[in-house]
Protein chains: 2
Amino acid sequence: MTDTPIILNADQVAELAPRIDLAHELRAMFAELGQKQAVQPSQSVTLFPEDRGDFITYLGAQGTAGVFGAKLSPYLVTKDAPIITAWTLLMSMETGQPLLLCDSGQLTTERTAGTTALAVDLLAPESAKRLAIIGSGAVAQAHYRHACKLRNWSSVTVYSRSLADDIAAQDTWRALASYIQFASSPEMASDGADVVMLCTSSGTPVIDTATIGANTLVTSISTNVAQAHEVDPAWLNQAQVYCDAQATTPDSAGEMVLAARDHGWSKEAIMGDLATLVTETCPRPSQGKPVFFRSIGLGLEDIAAAKALLSLAKQSS
Amino acid sequence: MTDTPIILNADQVAELAPRIDLAHELRAMFAELGQKQAVQPSQSVTLFPEDRGDFITYLGAQGTAGVFGAKLSPYLVTKDAPIITAWTLLMSMETGQPLLLCDSGQLTTERTAGTTALAVDLLAPESAKRLAIIGSGAVAQAHYRHACKLRNWSSVTVYSRSLADDIAAQDTWRALASYIQFASSPEMASDGADVVMLCTSSGTPVIDTATIGANTLVTSISTNVAQAHEVDPAWLNQAQVYCDAQATTPDSAGEMVLAARDHGWSKEAIMGDLATLVTETCPRPSQGKPVFFRSIGLGLEDIAAAKALLSLAKQSS
């Protein structure tokens, strides 16, 4: 008879999630991917009938860890705000049986921030001192938590459109880091920054890339908006470009699609991705030209996070 | 807080499965599909690293029923026989929360047979009397169970390569139907039959189509073998062809792919599928030419079966 899989709802995940060593898990997973021990199919979007929303299916298989599975993330149109959830089913490559079914709302935020943090660790100079964060919500806060120990930051500056008027959010940030500074414009935040993490749900550029320093690393994440891009697509021709997964990201990241369509940029110009960076099979960035890292989010990140959660849940039970 | 989803292992499913009214569920689901209230994406195959097998992901969404989900079915290479499992995660289009996680090994057999039975009900003459079954394993037995009440069969004849030497299988069939007859060749089984159900895992033709009667319905199912086909591809030019899902089946059913490649057959020749048959928006077969129905198996069938199982599990708890 099969063992019953472990089920973890959002509260149970919230209790365990802070103990996941996501930096380790993601690095190990991208090493597996670089060594062709892991497999990353493209994500797929299924539209619900009658404009009722959609669901995205994220798949992945980690051969060394011996797990595979799917995250299903529906976007459900309602009379009020849309409902967005995410659940991951993790299965065993040894037995074919389910191991874990977990709420992945929080885990999606964590793995997105953890992936950016891995890129910062791999791409930013060891001497990086000044960190800027554009965006101030839960995703931006997670980015700070995952990035705060990567370098010996002397300053961390946050900007978002809503932050000046949002005392509660300011308090949250001060609780995260007493030395945090709030900027009154994105350019003021990024001025002199070694690393700028864009953590917004914007569909259009959130920063004037003309103000980005010659040796600055800019990171950018994905949102649901069609052709969403947090930077000017034309700027890709000025930058050393990396991404999370070279096989799939350039065909869906908004600024890459637009840069290729309108600005003579080619995905051949991408210097590497997390798998090739971790396995040291791509060039490192050189001095004198800004670096751009773009993630769209991978099913394998969800699988790696769920696998780590399962280990913790087993220890706790 | 979310309700905990119901988990059903193989034994629990086995207890409930005989009470599912699959004929009703599948007919309702195909009607939803015909009315564009249900959505059927293509299935996807993900290869595991190092030739360790693969897993197939079957997706579907039923808008009227308000459920969507995925079946994951891995094929795991081992030193001995491969391990094949299937689990379905059913989620709510209202809340975005999981409703059910169930073992779908037996359900896959049942929904495959139930789908063929629906096709027999929709395509065979009301007066059909003689039923032939090629194949004698669990899938063939399920086909008989689902088809036995559809018409007033005067004879049911079974043939498989192994049946003559397998006394236990013969006893199983006699327990299913005391009037069952065993044939010594597929052509002997199909001789004079109104309906011939091919229920094998063969990758090559299992019957000489030259012996198929002018008004006979032949049904055929899918297996894992690449370009698997239970009938001669050239025969499609002689038949009135139907399938489970016109949008996807002709690009993956072996005999259709080969008939298009080698025998001048075109998928434009397909007369209808289960959605258009149920909603009466395609031509019915006419007399004087055999009818061929081919299924590859749809995620929506897995969703419909899981949805019915969930209703029963809720009643039982």
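Before any of the text, the structure's been laid out above.
S.K.: Even after reading the chapter, I still don't get the overall build of chain A, so can you show me in this structure?
M.R.: From N to C terminus, chain A includes nine helices and 16 strands. On C-alpha atoms alone, chain A measures out to a radius of gyration of 19 Å, which is about the 20 Å that the 2.2 N^0.38 rule sets for 317 residues. Based on the C-alpha atoms only, the size of chain A along its principal axes is roughly 60 × 45 × 45 Å. By residue count, 58% of the 317 residues in chain A fall in the buried class.

S.K.: Can you help me understand the relation of the copies chain A and chain B in this one?
M.R.: In this structure, two copies of a chain are linked by a rotation about an axis accompanied by a shift along it. Between chain A and chain B, which share one sequence, the superposing operator has a rotation angle of 180° and an axial displacement of 0.0 Å; the RMSD is 0.0 Å. Taken together, the turn and the small shift mark the pair as related by a two-fold rotation axis. Across chain A, the smallest distance between a C-alpha and the rotation axis is recorded for leucine 89 of chain A, namely 3.9 Å. When the interface residues of chain A are mapped onto chain B, 100% of them are again interface residues, pointing to one common binding face.

S.K.: Help me understand unusual backbone geometry in this model?
M.R.: Trans peptide bonds make up most of the peptide bonds, and negative phi angles are found at most residues other than glycine. The residue glutamate 280 of chain A is not glycine, and still its phi comes out positive at about 55°. Counting through the fold element by element, glutamate 280 of chain A comes out in the loop between α8 (274–278) and β16 (291–294). Of note in this structure, lysine 36 of chain B is not a glycine but carries a positive phi near 60°. When you line up the elements, lysine 36 of chain B lands in the loop between α2 (22–34) and β2 (38–39).

S.K.: I'm lost on helix α9 (residues 299–316) of chain B in this one. Help?
M.R.: An α-helix turns once per 3.6 residues; consequently, residues spaced three or four apart project the same way. Taking 1.5 Å as the rise per residue, α9 of chain B with 18 residues should run 26 Å; its terminal C-alpha atoms sit 26 Å apart, in good agreement. Burial runs high along α9 of chain B: 14 of the 18 residues are buried.

S.K.: Sorry if this is basic, but what is going on with the side chain of threonine 57 of chain A here?
M.R.: Mapping threonine 57 of chain A onto the fold places it in strand β4 (residues 53–62). For threonine 57 of chain A, a relative accessible area of 2% translates into the label buried. Threonine 57 of chain A has contacts with Gln43, Ser44, Ala70, Lys71 and Leu72 of chain A together with Leu59 of chain B, leaving out every residue within four places of it along the chain.

S.K.: I'm lost on the pattern of salt bridges in this one. Help?
M.R.: Oppositely charged side chains are able to pair whenever their charged atoms sit close together. Residues and elements named next belong to chain A. Under the criterion given, the structure shown has 26 salt bridges over all chains. Here glutamate 126 ties to arginine 151 by a salt bridge, and the two come within 3.7 Å at their closest N and O atoms. Placement of glutamate 126 in the loop between α3 (105–123) and β9 (130–134) and of arginine 151 in the loop between α4 (138–147) and β10 (155–159) is noted, with a sequence separation of 25 residues between them. Where salt bridges share partners, they join Arg27, Asp121, Glu126 and Arg151 into one cluster.

S.K.: Help me out: how do you make sense of the environment of leucine 163 of chain B in this one?
M.R.: One can find leucine 163 of chain B in the loop between β10 (155–159) and α5 (167–176). In this view, leucine 163 of chain B contacts Ser136, Val158, Ala169, Gln170, Trp173 and Phe182 of chain B; residues no more than four positions away in its chain are not counted.

S.K.: Looking at this structure, how should I read the packing of aromatic side chains?
M.R.: Geometry of an aromatic ring pair is reported as the spacing of the ring centres plus the angle between the planes. Residue and element names in this part refer to chain B. Applying the stated rule across the entire model yields 10 aromatic pairs over all chains. Where tryptophan 235 meets phenylalanine 292, the ring centres are 5.6 Å apart and the plane angle is 80°; that geometry is what we call edge-to-face. In this pair, tryptophan 235 sits in the loop between β13 (217–220) and β14 (240–243) while phenylalanine 292 sits in strand β16 (residues 291–294), placing the two residues 57 residues apart along the sequence. We classify tryptophan 235 as buried; its relative accessible area is 6%.

S.K.: Please clarify how the sheet that holds β13 of chain B should be interpreted in this entry.
M.R.: For sheets, the rule is that strands pair by backbone hydrogen bonds, running either parallel or antiparallel. Residue and element names in this part refer to chain B. Strand order in this open sheet of eight strands is β11-β10-β9-β12-β13-β16-β14-β15, and the pairing throughout is parallel. Of all strands in the sheet, those with a lone pairing partner are β11 (181–182) and β15 (272–273), marking the two edges. Sheet topology note: the β14/β15 ladder contains two bridges and is parallel. By the bridge assignment for β15, tyrosine 242 is matched with glycine 272. Sitting on the sheet, helix α7 (residues 254–262) is in contact with β14 and β16, with an inclination near 120° to β16.

S.K.: I keep staring at the sheet that holds strand β14 (residues 240–243) of chain A and nothing clicks. Help me out?
M.R.: Residues and elements named next belong to chain A. Taken in spatial order, the eight strands of this open sheet run β11-β10-β9-β12-β13-β16-β14-β15, and their pairing is parallel. Whereas interior strands pair on both sides, the edge strands pair on one side only; in this sheet they are β11 (181–182) and β15 (272–273). Relative to β11, β10 is paired through two bridges, and the arrangement is parallel. By the bridge assignment, valine 158 is partnered in β11 with phenylalanine 182.

S.K.: Explain the packing of helix α3 (residues 105–123) of chain B against α9 of chain B to me, please; I cannot follow it from the model alone.
M.R.: All names here are of chain B. Interhelical geometry of α3 versus α9 gives an angle of 115° and a closest axis separation of 10 Å. With respect to each other, α3 and α9 are oriented roughly perpendicular. In the crossing of α3 with α9, the sense of the turn from one axis to the other is right-handed. From α3, Leu107, Thr108, Arg111 and Thr115 reach across to α9, where they touch Glu301, Asp302, Ala305 and Leu309.

S.K.: Before we go on, may I ask you to explain the interface of chain A and chain B in this structure?
M.R.: One widely used convention gives an interface's size as the accessible area the parts lose upon coming together. Each side of the interface is counted separately: chain A has 44 residues, and chain B has 45 residues. Summed over both partners, the interface of chain A with chain B buries about 3600 Å², with 73% contributed by carbon and sulfur atoms. If you look at where chain A meets chain B, you find two salt bridges. Here arginine 52 of chain A and glutamate 94 of chain B are joined by a salt bridge, their closest N and O atoms 3.6 Å apart. Our count for the chain A to chain B interface comes out at eight residue pairs in polar contact (both at pLDDT 80 or more). Breaking the side of chain A that touches chain B down by element, the ones donating at least two residues are α1 (10–16), β2 (38–39), β3 (44–47), β4, β5 (67–76), β7 (87–92) and β8 (98–103) of chain A.

Rules behind the numbers
In this convention, every chain numbers its residues from 1, walking through the sequence in written order. The naming scheme follows written order: chains are lettered A onward, ligands numbered 1 onward. The model is predicted, so local features are restricted to residues of pLDDT at least 70 and side-chain atom pairs to those at 80 or more, both for listing and for counting; the totals for chains, interfaces and linings are taken over all residues. Only hydrogens and water are set aside; all other atoms, that is, all heavy atoms of the structure, feed into the side-chain values. Segments assigned H or I by DSSP are reported as helices when at least four residues long, segments assigned E as strands when at least two residues long, and all are numbered from the N terminus. As defined in this context, the radius of gyration uses C-alpha atoms, and a globule is described by 2.2 Å times the residue total to the power 0.38. Note on exposure labels: buried denotes an accessible area under 20% of the residue type's maximum, exposed denotes more than 50%, and partly exposed covers the range between, all computed with a 1.4 Å probe on protein chains only. Least-squares fitting of one copy onto the other uses the C-alpha atoms of those residues that reach a pLDDT of at least 70 in both copies. Pairs of residues are marked as contacts when any of their non-hydrogen atoms sit within 4.5 Å. Between the first and last residue of a helix there are one fewer steps than residues, each counted as 1.5 Å, and that sum is the expected span. Every case where a carboxyl oxygen of Asp or Glu lies within 4 Å of a side-chain nitrogen of Lys or Arg is listed as a salt bridge. Pairing of aromatic side chains requires ring centres within 6.5 Å, counting the rings of Phe and Tyr and the six-membered ring of Trp. Pairs whose planes differ by under 30 degrees are stacked, by over 60 edge-to-face, and all others tilted. When DSSP finds two or more bridges between a pair of strands, those strands are recorded as paired. Under this scheme, a helix contributes an axis fitted over its contacting stretch, all axes are lines through C-alpha atoms, and angles between N-to-C directions fall in the 0 to 180 degree range. Any angle from 65 to 115 degrees is called roughly perpendicular, while one under 35 is roughly parallel, one over 145 is roughly antiparallel, and all others are oblique. Note on convention: the crossing is left-handed when the near helix lies turned anticlockwise from the far helix by less than a right angle, right-handed when the turn is clockwise. Defined here as a combined quantity, buried area equals the accessible surface (1.4 Å probe) lost by two parts on assembly, summed across both. Definition of a polar contact: a pair of N or O atoms within 3.5 Å, with one able to donate and the other able to accept a hydrogen when the atoms are protein atoms, and with sequence-neighbouring residues admitted only if both atoms are side-chain atoms.

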